[in-house]
Each structure stands twice: as structure tokens, then as C-alpha cells.
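Report on the structure
Letter by letter, the chains look like this.
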Amino acid sequence: MVETVSPKPTACLALADGTVFYGHGFGATGRCVAELCFNTAMTGYQEIMTDPSYAGQVVTFTFPHIGNTGVTPEDDETADPVAAGMVVKWDPTLASNWRATEELKSWLTRTGRIAIGGVDTRRLTRAIRQQGAPHVAMEHNPDGNFDLEALVAAARAWPGLEGMDLAKDVTCAQSYRWDEMRWAWPDGYSRQEDPKHKVVAIDYGAKRNILRCLASAGCDVTVLPATATSAEVLAHNPDGVFLSNGPGDPAATGEYAVPMIKDILDKTDLPVFGICLGHQMLALALGAKTTKMNHGHHGANHPVKEHGTGKVEITSMNHGFAVDAQTLPEGVEETHISLFDGSNCGIRMKDRPVYSVQHHPEASPGPQDSFYLFERFAEAMAARKA
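Residues numbered from 1 in each chain as written. Predicted model: local features only at pLDDT ≥ 70, side-chain atom pairs only at ≥ 80, totals over all residues. Heavy atoms only, no water.

This brings us to the overall build of the protein chain. In terms of helices and strands, the protein chain carries 10 helices and 17 strands. Its C-alpha atoms give the protein chain a radius of gyration of 21 Å, within 12% of the compact-globule value 21 Å for 386 residues. Reported as C-alpha extents along the three principal axes, the dimensions of the protein chain are approximately 85 × 45 × 40 Å. Relative to all contacts within the protein chain whose residues are 6 or more apart in sequence, the contacts with residues 24 or more apart total 75%. Taken as a whole, the protein chain presents about 16300 Å² of accessible surface, with 49% of it coming from carbon and sulfur. Averaging the locations of the 33 positively and 47 negatively charged side chains of the protein chain gives two centres separated by 2 Å. (Helix = DSSP H or I, 4+ residues; strand = E, 2+ residues; numbered from the N terminus. Rg over C-alpha atoms; globule rule 2.2 N^0.38 Å. Contact = heavy atoms within 4.5 Å. Areas by Shrake-Rupley, 256 points an atom, 1.4 Å probe, with all protein chains shown as cover. Lys, Arg positive; Asp, Glu negative; His and termini not counted. Charge placed at Lys NZ, Arg CZ, Asp CG, Glu CD.)

Listed under "binding site: L-glutamine" (unreviewed entry) in the UniProt record, and renumbered for this structure, are S53, G246, G248, L277, Q280, N318, G320 and F321. With the annotated positions falling across 269 residues, the maximum pairwise C-alpha distance of 12.9 Å places them together in a single cluster. Among the structural elements, S53 can be located in the loop between α1 (45–49) and β4 (57–61). Excluding residues within four positions of it along the chain, S53 makes contact with N245, G246, P247, C276 and N318. Here G248 shows up in the loop between β11 (240–243) and α8 (250–267). Taking the relative accessible area as the measure of exposure, G248 reaches 13% and is therefore buried. With residues near it in sequence (within four places) discarded, G248 still touches M164, L166 and F321. (UniProt positions renumbered as here; feature names shortened; annotations may be inferred. Buried < 20%, exposed > 50% of the residue type's maximum accessible area, 1.4 Å probe, protein only.)

Let us look at the packing of aromatic side chains. With the rule as written, the count across this model stands at 7 aromatic pairs. Measuring from ring centre to ring centre gives 4.8 Å for F273 and Y355, while their planes differ by 20 degrees; the resulting arrangement is stacked. Of this pair, F273 sits in strand β12 (residues 272–275) while Y355 sits in strand β17 (residues 354–357), and the two are 82 residues apart along the sequence. We classify Y355 as buried; its relative accessible area is 8%. Between F273 and F374 the ring centres are 5.6 Å apart and the planes differ by 75 degrees, which places this aromatic pair in the edge-to-face class. Separated by 101 residues along the polypeptide, F273 in strand β12 and F374 in helix α10 (residues 372–385) bring together distant segments of the chain. (Phe/Tyr/Trp six-rings, centres within 6.5 Å; stacked < 30°, edge-to-face > 60°.)

An order of β8-β10-β9-β11-β12-β17-β16-β15-β13-β14 is seen for the 10 strands of this open sheet, with the pairing classed as mixed. Strands with a single pairing partner mark the edges of an open sheet, and in this sheet they are β8 (176–178) and β14 (312–324). Within the sheet, the average angular offset between the axes of one strand and its neighbour, ignoring direction, is 25 degrees. Where β8 meets strand β10 (residues 219–225), 3 bridges bridge the pair, whose relative direction is antiparallel. Along β10, the bridge assignment pairs W178 with V221. Lying on the sheet, α10 is in contact with β9 (197–203), β10, β11, β12, β13 (289–306), β14, β15 (332–338) and β17; it crosses β9 at an angle near 130 degrees. (Pairing = 2+ DSSP bridges. Axes fitted to C-alpha atoms, helices over the stretch in contact; angles between N-to-C directions.)

When the parts come together, some accessible area is lost, and that loss is often what is quoted as the size of the interface. Domains assigned within the protein chain are domain 1 (11–157) and domain 2 (166–385). Taken over C-alpha atoms, the centre of domain 1 sits 28 Å from the centre of domain 2. Contacts between the two partners involve 25 residues from domain 1 and, on the opposite side, 25 residues from domain 2. Summed over both sides, the interface between domain 1 and domain 2 buries roughly 1900 Å², with carbon and sulfur atoms accounting for 48% of that surface. Across the pair E35 and K292 runs a salt bridge whose closest N-O atoms are separated by 3.1 Å. Counting across the domain 1 and domain 2 interface gives 14 residue pairs in polar contact (both at pLDDT 80 or more). Elements with a minimum of two residues in the side of domain 1 that touches domain 2: β3 (30–39) and α3 (121–131). (Domains from an automatic or database assignment. Buried area = accessible area lost by both parts, 1.4 Å probe. Salt bridge = Lys/Arg side-chain N within 4 Å of Asp/Glu carboxyl O. Polar contact = N/O pair within 3.5 Å; in protein donor to acceptor, adjacent residues only side chain to side chain.)

The biggest cluster of nonpolar side chains holds 33 residues, and the ones touching the most others in it are I202, Y204, V233, I261 and L282. Elements supplying a minimum of two residues to this core: β9, β11, α8, α9 (277–286) and β16 (344–349). Core analysis: the next-biggest nonpolar cluster, separate from the first, contains 27 residues, I210, L214, C276 and M381 among them. (Core = buried A, V, L, I, M, F, W, Y, C linked by side-chain atoms within 4.5 Å.)

This next bit is on the pattern of salt bridges. Scanning the entire structure with this criterion turns up 15 salt bridges. Taking the shortest distance from any N to any O, the salt bridge between D263 and K267 comes out at 3.0 Å. Of this pair, D263 and K267 are both found in helix α8, 4 residues apart, which corresponds to roughly one turn of the helix.

Laid out in C-alpha cells, this is it:
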């Protein structure tokens, strides 16, 4: 009988507690250090890897079939992957989808992102849930030689996301206009040629599909960098202000973002709408506080209840920090909660069209359960002008 020998591991994932996972490396070679999270979505791995909110994180995919639909530039949420790396159970198979223009492996190699396959992702996910999101060092080395002590030391030395302002790393360098609308069969993306409202969107790490949803709701969108001042925002004479998603600790980004938002709220009656980090920025500006979650919410199957209607929406989420609803000030109310753990998922000012949500209404998991939030923003701008 011929004895089979398992191939030598070419990638290694080391947790700060000393736990080590071996697997098969693909994508770029080298090492990355980041926080480890897990995502429960069954589709959308390309959108997840290019979502700027994943800066500073390695993503473990709980669904095993990752890579089977390849990649296409149409699905990028920003120009290149932002997540530090990818962990999957099964090595990606060859792509089989009519929209695919490239294989996942070659795309990761070309864009400099490390991935590891052949990992027991169930065990890894349980560890994240029980112990909290760990700091990790991941290395892909085709020779299979790893300095485990150095990897564990690198994971332990990483400072973590608390206190880290990553919005500055992923925001745009300068302002730009956006008019591309949501994808629709059979024409794909079309342009907004008859906008009704001027919106300034603050880019803390904005996903392209959020900007498309604003355009589809009738908005002429001007995107400004995360560090934009209230004077720069108001110089565009907007009908409304949008606060985008983004990565990192909201309290750190709030050092410069919160004063700007407060100034907008104090000096104007403009409608304001925030998503994800933008939700947390608005909450901080209104006087609430944010906290670091044990393992966060990452997936496309999160039920969220809207208090006002009792409606339950199936949403996409990606956040490791949350607004503490117990700290909401007078005049601000909670509008949405997670049905998984009761954490805050939305707020609004009682007497003004100023509101935000933690989940991603543009990500279409429901598939259109939450698009009304963009329409509500447009209606608020129309009502103010009327």
C-alpha cells in the first residue's frame, strides 16, 4: 500500500494567545497583522474584501464556497481590497459565473492580499465568539517555513482597533462628484441625469453602492474627505449631508469628525443621514457614547427591527463598535435594534430630519428591505425645500 503524505502547509495563522492554524496559502505572499473577525454571508466575498470598513481586519468566511463565482470589477466597493487578508475552509475552485472576469486567487495576488485555505473555520469562529476578536499575524510562504515565535509576538504587539483612526487611511484624497446609480438588468449601471437634491457625502470609507443608492434616490452627490470642515461642507450649499461607513474606532475618528457634525447641526436645519461609522459619528455628535463589541456583527443575515413600524428587515452588517443606547440624550431616540443581541442599530432626533442606522441598507441582503432609508432622506430634503 502506498502511504499518502499531506502537502506541506504554505500558510500560517497565529493568534495572540499562541494558538496556530496551518493551511494552504494563496493570493499574495508575505505577512499581515490585524484583528480577526468572521463573516457569515454566503455571497459577496468580493464586496466584503473591498469594503473600506474592513481596514485593519482579516476576514474569516464561515461559508465554505468562497471564490466559486470569481471576481468582476462591477462588484468592487472601492478600487482595491481593503481587508488585510482572508481565511477560508476550502481552497477556491475555478470560477463558474458568466460575470466573472478573473479568478479570486489571481485577483488577491495582483492586489497584494494574503489568504489561507484548509482551515477549520468552525473552530476558529467559535474561538472568536467565546474569546472576542483576537489579534493575529498571518503569513503565506510557499517554502512552508514559519517563525512561530515571531508570528505570535507580532500578533501580541499589534495595538488593536481601539483608539485607531483608520478613516484617514481609506478616505478620498480630494472631493469628487458621483452620479452612477444602482445596477439594473439588462443595462448595468446608468447615470443620474435629473437629480433633485444636492447632497454632500462625507467619506469615512464610503462604499460605492451607498453612493449609487443616493444617486438612485435622486441625489446629485459631492463626496468630501473625512477631514472636511463644516465651512467646506456648507460651501457646496447642500440640501442634505450624508455620513458614510468606515473602519476603526469611532471615538478616534470623532476627534475631528464630531466638531464638524455638531457645527452643521447647530448652524443649519439640513437633513442628515448616517450609515455604520457615520451612524456612530452622529451619535457621538449628539452626546452619546460608543463601545467596542466582543466580536462585532459581520454578515448578510442580521435581523433588525424598526420600533416605529414593528417591521423586521434582513440586513447586512459590518461593525466592531456599537452605539450605547443607554447614553442617548434627551431628544434623541432609538429607532432600530438587532434581534440577535438587542444592540442599537438606529437613532433619530425627535424634532428634526436627522437620523442614522448601524446596518447597511445599500447591501441588498433582503434584498431591498432597507432602501426606504434613502427614500426617506430624499423626502426630508424635498420637504425642507417645499
